Amino acid sequence: MKQEQANEIVNRYVERIYAYMRKRISNQADVEDVSQETAFKLYQALCVKKIENIDGFVWTVAKNTLVNYYRGQQKVKSNMPIKTMEQKFTDEKDGVLETFIKKENYEKIRREIAYLSKMQRKILIMYYYEEKKQSEIAELLNIPLGTVKWHLNMAKVELKKGMNKMRNYKDLKFNPITFCMVGLNGGTGTIGDPHNFVRSALSQNILYCIRTEYKTIEEIADFLGVSPVYVESELDYLEEYQLVVRRKNRYVCNILIEEVTQESVDALDTLYRIVSPQIVNRLYDEIINGGYLESKDILGPKDNNFRMWAILLYLLTMVESDSFKEKISSEQARTIRADGGENIITASVEKEDVQKPELLTEFFCGACWNENEDILLWLTDGTWTEKRVTPNYGGKNIERDLRLLKRFIDGQSLSIDEYTFMLEKGYIQKTESGFALAIVGLKEGEIKQKLFEITKQIKSEVLRENRQMLEDYKNLVLSESNLPENVRIQQEYTLQFLFHMDGMFIRYAKDGLMKSGRLKEVSDRQKISVSEIVIVK
């Protein structure tokens, strides 16, 4: 800094420095001497150093000069007793703040304080910045005085270590990731949509940073290039909802983050493109040729194309093959979260060099269903529908729908408001003779049982024929995943459900049916009700 600039800064602070010293020194002559010495040291430093925080540096120099004054006094009578740095750090060789001042690293000090533990940081601030006695701090925090002293000493040690440490920032500081997809396997709680858990870029990057190994708050902060204070606060939230697991002072991710490779994407596409049409086309032909759609147990519009959109997709996801074995149970894999949900949260990270086929980027939502003692309402949505599975879908928000559907199917009259509600939801439609069911219905009984048996037989046969391809894909996914044990269990659990309760299956099955000409797009009027089915118990 130029001398003129340094002189201007000193002149700007000189009166405040004098007032500061006058409150802390009883002898007027000493007040003037110490103020002059402070101004001189400040001027010298400003001339030779680049100061980032002028205000912080001025008062650091002032406090340090005051400490040196008291060291030279045998007895000091002051109008206002103060805690001196001598009282706080008695070891002159290792005086951390003394070292800081000499090096003029105000910004670095602030950064390193952020790397202390929450308790150390709290005590340090109360002691040095709020000028509270150690006994006061012990009382306020309800901890023993010895614990306060221990934390202050440890803070000194950690600050010294941090000042000499080169922070090793990683790529995420400059190139943070963004989850391109967040999904959920299981039931939601009060927070609802899984996107609400990974609420910010910081949440996502913390989870990504610890997706494969345990890390401390300090290591995460270094990796992300942010203050540990923010990491600590976000980890408290993530831990509360069990999105991370803590082992002592180290954290690891507790959601399934998929970072796909070109090999795994190609293998997935090949597997589903080959197997899905084999299953669904055989099933379609069996249902049509068997005349099952003429059964009185199937309700709703007398439109076979419309009916098959719901019946086929429902059967594909709800019927398991005879080879299905749940080696890992939902209790082992799913997490019970603080909001009442029990689920596995999944997320995907896009890679620029990975090319996805069109079907893997197409919008869709896997199967969702809600039920009471009378009926079950099943739904999936995608590019072929207009009704959406929104974050507010399901749970208590669907209870009225279920009650009104049962009353309507039973032939009970509804109020004008209730008919309007059912029309808006696409459950019923207005006809010349009144109102009629606009979605597909299937009664419990012989026909439903027969459809389940046919589906199970066909699915089992096709999966046996393609067993090796299926196992190769599972092994590839697990070999690419360097996951901690808690998340590996989640990965193994989800791999059990390939071609069963599997949203990907719906997407490829739909594509195979349309390419073969078996299914056709429905009319615009039907899109609000397509691929939705009510099971009447």
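As shown above, the structure is provided for reference.
Here the structure is a predicted model, which means the values were calculated and not measured.

**Student:** Provide a residue-level description of the pairing of strand 10 (residues 375–382), including the pertinent values.
**Tutor:** In terms of residue burial, strand 10 counts as a mostly covered element, since eight of its eight residues are buried. Here strand 10 shows a buried face lined by Ile 375, Leu 377, Leu 379 and Asp 381 and a second buried face lined by Leu 376, Trp 378, Thr 380 and Gly 382. Sheet analysis places strand 9 (residues 364–371) next to strand 10, joined by six bridges and oriented antiparallel. Across the sheet, the residue bridging to Asn 370 is Leu 377, located in strand 10. Between strand 9 and strand 10, which pair antiparallel in sequence order, lie three residues. Strand direction decides the pairing type here: strand 10 and strand 14 (residues 532–536), joined by five bridges, are antiparallel. The partner of Leu 379 across the bridge, within strand 14, is Glu 532.

**Student:** Now, about helix 21 (residues 467–480): what can you tell me, with residues and values included?
**Tutor:** End to end, helix 21 covers 20 Å across 14 residues, agreeing with the expected 20 Å (1.5 Å per residue, within 8%). Of the positions making up helix 21, those classed as buried are Leu 470, Tyr 473, Lys 474, Leu 476, Val 477 and Leu 478. Where helix 21 is buried, its residues touch helix 14 (262–289) and helix 22 (485–495).

**Student:** Requested: an account of helix 13 (residues 228–240), with residues and values cited.
**Tutor:** Its 13 residues give helix 13 an end-to-end C-alpha distance of 18 Å, which sits within 8% of 18 Å, the value for a rise of 1.5 Å per residue. Those residues of helix 13 that fall on the buried side of the exposure criterion are Pro 228, Val 231, Glu 232, Glu 234, Leu 235, Tyr 237 and Leu 238. A positive phi of about 60 degrees marks Gln 242, the residue just after helix 13.

**Student:** Account for the packing of helix 21 against helix 22, with residues named and values stated.
**Tutor:** Interhelical geometry of helix 21 versus helix 22 gives an angle of 165 degrees and a closest axis separation of 11 Å. With respect to their mutual orientation, helix 21 and helix 22 come out roughly antiparallel. In terms of crossing hand, the pair formed by helix 21 and helix 22 is right-handed. When helix 21 is examined against helix 22, the residues Tyr 473, Lys 474, Val 477 and Leu 478 are found in contact with a partner set consisting of Arg 488, Gln 491, Glu 492 and Leu 495. Grouping the constituent residues of the contact of helix 21 with helix 22 by class yields four nonpolar, one polar and three charged.

Analysis parameters
- Residues numbered from 1 in each chain as written.
- Predicted model: local features only at pLDDT ≥ 70, side-chain atom pairs only at ≥ 80, totals over all residues.
- Heavy atoms only, no water.
- Buried < 20%, exposed > 50% of the residue type's maximum accessible area, 1.4 Å probe, protein only.
- Helix = DSSP H or I, 4+ residues; strand = E, 2+ residues; numbered from the N terminus.
- Pairing = 2+ DSSP bridges.
- Expected span 1.5 Å × (residues − 1).
- Contact = heavy atoms within 4.5 Å.
- Axes fitted to C-alpha atoms, helices over the stretch in contact; angles between N-to-C directions.
- Parallel < 35°, antiparallel > 145°, perpendicular 65-115°, else oblique.
- Left-handed = near helix turned anticlockwise from the far one by under 90°.
- Nonpolar A, V, L, I, M, F, W, Y, C, P; charged D, E, K, R; others polar.

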